[in-house]
Amino acid sequence: MTIKNTDIRDIDILKTWTLESSLNFTRYFFKHNQGRKFVVGPHHEKISKALDKVLKGETKRLIINIAPRYGKTELAVKNFIAMGLGLNAKAKFIHLSYSDGLAIDNSEGVRNVMELPEYKAIYETRLANRGKKHWYTTEGGGLYATSSSGQVTGFGAGLVDEEKEEESEQDLKDLDEFLPSIDGLEFGGAIIIDDPIKPDDAVSATIRNKVNNKFETTIKNRVNSRNTPIIIIMQRLHVDDLCGKLIREEGEEWEVLSLPCITKNEEGDEVALWPFKHSLEELKKEKTKNSFVFETQYMQNPKPLEGLMYDREFKTYEVIPFAKNAKRKVYVDTADEGKDHLCAIYYEEHPHGNYILDVLYTQKPMEFTETKTAELSTIHKIDIADVESNNGGRAFARNVEKQMREMGNNKTRVKWFHQSENKNVRIFTKSNEVMNLTLFPKGWETLWPRFHTHLTTYMKVGKNEFDDAEDALTGTIEKRNKSNTGTTDDILSRLNF
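Residues numbered from 1 in each chain as written. Predicted model: local features only at pLDDT ≥ 70, side-chain atom pairs only at ≥ 80, totals over all residues. Heavy atoms only, no water.

A.B. asks: What is the right way to read the overall build of the protein from this model?
C.D. replies: Of regular secondary structure, the protein possesses 20 helices and 16 strands. Put simply, the protein has 497 residues, and 53% of those count as buried. In the protein, the share of contacts with a sequence separation of at least 24, taken over all contacts with a separation of at least 6, comes to 72%. Carbon and sulfur atoms provide 48% of the accessible area of the protein, an area that totals close to 23200 Å². (Helix = DSSP H or I, 4+ residues; strand = E, 2+ residues; numbered from the N terminus. Buried < 20%, exposed > 50% of the residue type's maximum accessible area, 1.4 Å probe, protein only. Contact = heavy atoms within 4.5 Å. Areas by Shrake-Rupley, 256 points an atom, 1.4 Å probe, with all protein chains shown as cover.)

Given below as structure tokens:
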């Protein structure tokens, strides 16, 4: 379709529609760029919603994990950048991939969209040059594209805060017209990383560490403002790839969208994520060829090749069955040192197992964790709160109890106790009981991604960076069917000593 300059009303309609979502934008310009329709799958809609939150300033750090050749680059790199520059010609992007060639190909893909007659008819953004790695718009925005291990110097992503304040009222009015929920916050660009490491290199600790360290020391610092978002789109390749590192160490800062190729429908039947690309039968054939590759690249569920503490899938549930004498409990392991996590596991104890209700797993300070622990105990109508009294746990328990009573929760009984047994021995010896007696809600890997990652990658042998999740989960098994008479510590806690 060729748009005439006189078709002002049609242009306004198209501009409004393409700016409603990044998926609309991709569908429209992909058809004009490639001469065929962009085949939309349910995963594209989920990716689009996540990207739209970035455009609106609601998400600053986004991880998207999905198999290769599922349309991620077309949607989340080429068209997303072109859309961002259409919104704001001053926007500045950095795009990285595992090779210069891929990054430059994607850079050219962005320019191809922006040079379409249909794009120029709708958006005023124009290119000032056609460099391979580095090009600008006439308004000073642009793109720097290179490999994730290459040099990223002399260019920053996003707008500095002073530039944002200088934008005209008309610019902000235009943004509000098409993205009303942006609330006046101008989108100024992003760092977009697409597959920072190739599959063959992911098995090398040296190369993985080089990529991960480059992100920490250089890439994440190439932002012009704290508001500049960072997006990472990749297939999972190893437990210690860049996504694994960030989820473990900074999980609360990142929104994680994980899209395995095999999912379950409402009836509980296995279905293919995108039958247009792979049928369920084709995916199962891939699994038989190499289960390790399938779990990582296709299911986004990387695991070490050997030596896992929990070496099979945890049981899951959809509905908790009724049990007459079921007790609702929470086991709280307070943080011992600076990098440790507070881990509070809320569960309903049945004769045949513990149904996990909720997990609080955080490195945030006591000011947050005391209130949140009390709040979740109240919401879930917890009967007994078991709090380790080691390293300040006793004071934590008293403060939590005080806050629960202030919230009107007179139901939960708080019990603090001293944990004297060796942590590693407890985790190891109780691991089979943990696997046999723990049931997580379906989709728990999405509900608590950092907790899930730490738990499912914990090794039997060698040094694990964190053990708070395993420690607390072991505690929920140790506390099963304990007598209410308790130890001396239990009695003293009831007497408020």
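Next comes the rest of the description.
A.B. asks: Quick question: what am I supposed to make of the sheet that holds strand β7 (residues 255-259) here?
C.D. replies: Whether parallel or antiparallel, the strands of a sheet pair through hydrogen bonds between backbone atoms. Strands sit in the order β3-β4-β2-β5-β6-β1-β7 across an open sheet of 7 strands; the sheet is mixed. Edge positions in the open sheet fall to β3 (134-136) and β7, since each of these has one partner strand only. Put simply, the sheet's adjacent strands are angled 10 degrees from each other on average, direction ignored. Of the pairings in the sheet, the one linking strand β1 (residues 61-66) to strand β6 (residues 230-234) comprises 5 bridges and is parallel in character. Looking at the pairing, Asn 65 lines up with Met 234 of β6. Together, β2 (92-97), β3, β4 (142-147) and β5 (191-194) form the strand contacts of helix α5 (residues 100-114), whose direction differs from that of β4 by roughly 160 degrees. (Pairing = 2+ DSSP bridges. Axes fitted to C-alpha atoms, helices over the stretch in contact; angles between N-to-C directions.)

A.B. asks: Whenever I open this one, the pairing of strand β12 (residues 342-350) confuses me. Can you help?
C.D. replies: Looking down a regular strand, the side chains alternate between one sheet face and the other. Burial analysis of β12 places 9 of its 9 residues in the buried class, the great majority of the element. Along β12, one buried face is formed by Leu 342, Ala 344, Tyr 346, Glu 348 and His 350 and the opposite face, lined by Cys 343, Ile 345, Tyr 347 and Glu 349, is buried too. As defined by bridge partners, strand β11 (residues 327-333) adjoins β12 across 7 bridges and the pair is classed as antiparallel. Each bridged residue has a counterpart across the sheet, and for Val 332 the counterpart in β12 is Ala 344. Where β12 and strand β13 (residues 353-362) come together, 9 bridges link them in antiparallel fashion. Paired with His 350 across the strands is Gly 353, a residue of β13. Between β12 and β13, which pair antiparallel one after the other, the connecting turn spans 2 residues.

A.B. asks: Help me out: how do you make sense of the environment of Asn 88 in this one?
C.D. replies: Structurally, the position occupied by Asn 88 is in the loop between α4 (72-87) and β2. Taking the relative accessible area as the measure of exposure, Asn 88 reaches 6% and is therefore buried. Through-space distance from the C-alpha of Asn 88 to that of Gly 141 is 8.1 Å; in sequence the pair is 53 residues apart. Discounting residues that sit within four places of it in the chain, Asn 88 has contacts with Leu 159, Glu 186, Phe 187 and Gly 188.

A.B. asks: How should the sheet that holds strand β10 (residues 315-317) be read in this particular structure?
C.D. replies: Across the sheet, 7 strands lie side by side as β10-β16-β13-β12-β11-β14-β15; this open sheet has mixed pairing. Looking at strand neighbours, the two that pair on one side only are β10 and β15 (413-417), the edges of this open sheet. Going across the sheet, the axis of each strand differs from the next one's by a mean of 30 degrees, ignoring polarity. Against the sheet, helix α19 (residues 468-478) makes contact with β11, β12, β13, β14 (384-388) and β16 (438-441), and its axis sits at roughly 25 degrees relative to β12, the strand it touches most.

A.B. asks: How do you make sense of the environment of Asp 12 when you look at a structure like this?
C.D. replies: Looking at the element boundaries, Asp 12 is found in helix α1 (residues 8-18). Taking C-alpha positions, Asp 12 is 7.6 Å from Ile 122, a pair spaced 110 residues apart along the chain.

A.B. asks: Could you clarify how one ought to interpret the pattern of salt bridges in this entry?
C.D. replies: One pass over the structure, following the stated rule, counts 25 salt bridges. Note that Lys 220 is salt-bridged to Glu 216, the shortest N-O span being 2.8 Å. A relative accessible area of 26% means that Lys 220 is categorised as partly exposed. Looking at Glu 216, the relative accessible area reads 21%, which means it is partly exposed. Residues Lys 411 and Asp 383 are paired through a salt bridge, measuring 2.8 Å at the closest nitrogen-oxygen approach. (Salt bridge = Lys/Arg side-chain N within 4 Å of Asp/Glu carboxyl O.)

A.B. asks: Please explain the pairing of β13 as it appears in this structure.
C.D. replies: Most of β13 sits out of view: 10 of its 10 residues are buried. As judged from the 2 bridges shared by β13 and β16, these two strands associate in the parallel manner. Within β16, the residue paired with Tyr 355 across the bridge is Leu 439.

A.B. asks: I tried to follow the packing of aromatic side chains on my own but got confused; where do I start?
C.D. replies: Centre-to-centre distance and the angle between the planes together describe a pair of aromatic rings. Counting across every chain of the model gives 24 aromatic pairs. A ring pair is formed by Tyr 144 and Phe 155, whose centres lie 5.9 Å apart and whose planes are at 25 degrees; its orientation type is stacked. Residue Tyr 144 is located in strand β4, and its partner Phe 155 is located in the loop between β4 and α7 (161-165); the two are separated by 11 residues in the primary sequence. Taking 5.8 Å as the distance between ring centres and 80 degrees as the angle between the ring planes, the aromatic pair formed by Phe 314 and Trp 444 counts as edge-to-face. Here Phe 314, found in the loop between α12 (291-298) and β10, pairs with Trp 444, found in helix α17 (residues 444-447); they are 130 residues apart in sequence, far enough to count as distant. Judged on exposure class, the residue Phe 314 and its partner Trp 444 are both buried. A cation over an aromatic ring shows up here: Lys 364 above the ring of Phe 368, its NZ or CZ 4.4 Å from the ring centre. Over the ring of Trp 416 we find Arg 394, and its NZ or CZ is 4.1 Å from the ring centre. (Phe/Tyr/Trp six-rings, centres within 6.5 Å; stacked < 30°, edge-to-face > 60°. Lys NZ or Arg CZ within 6 Å of the ring centre and 35° of its normal.)

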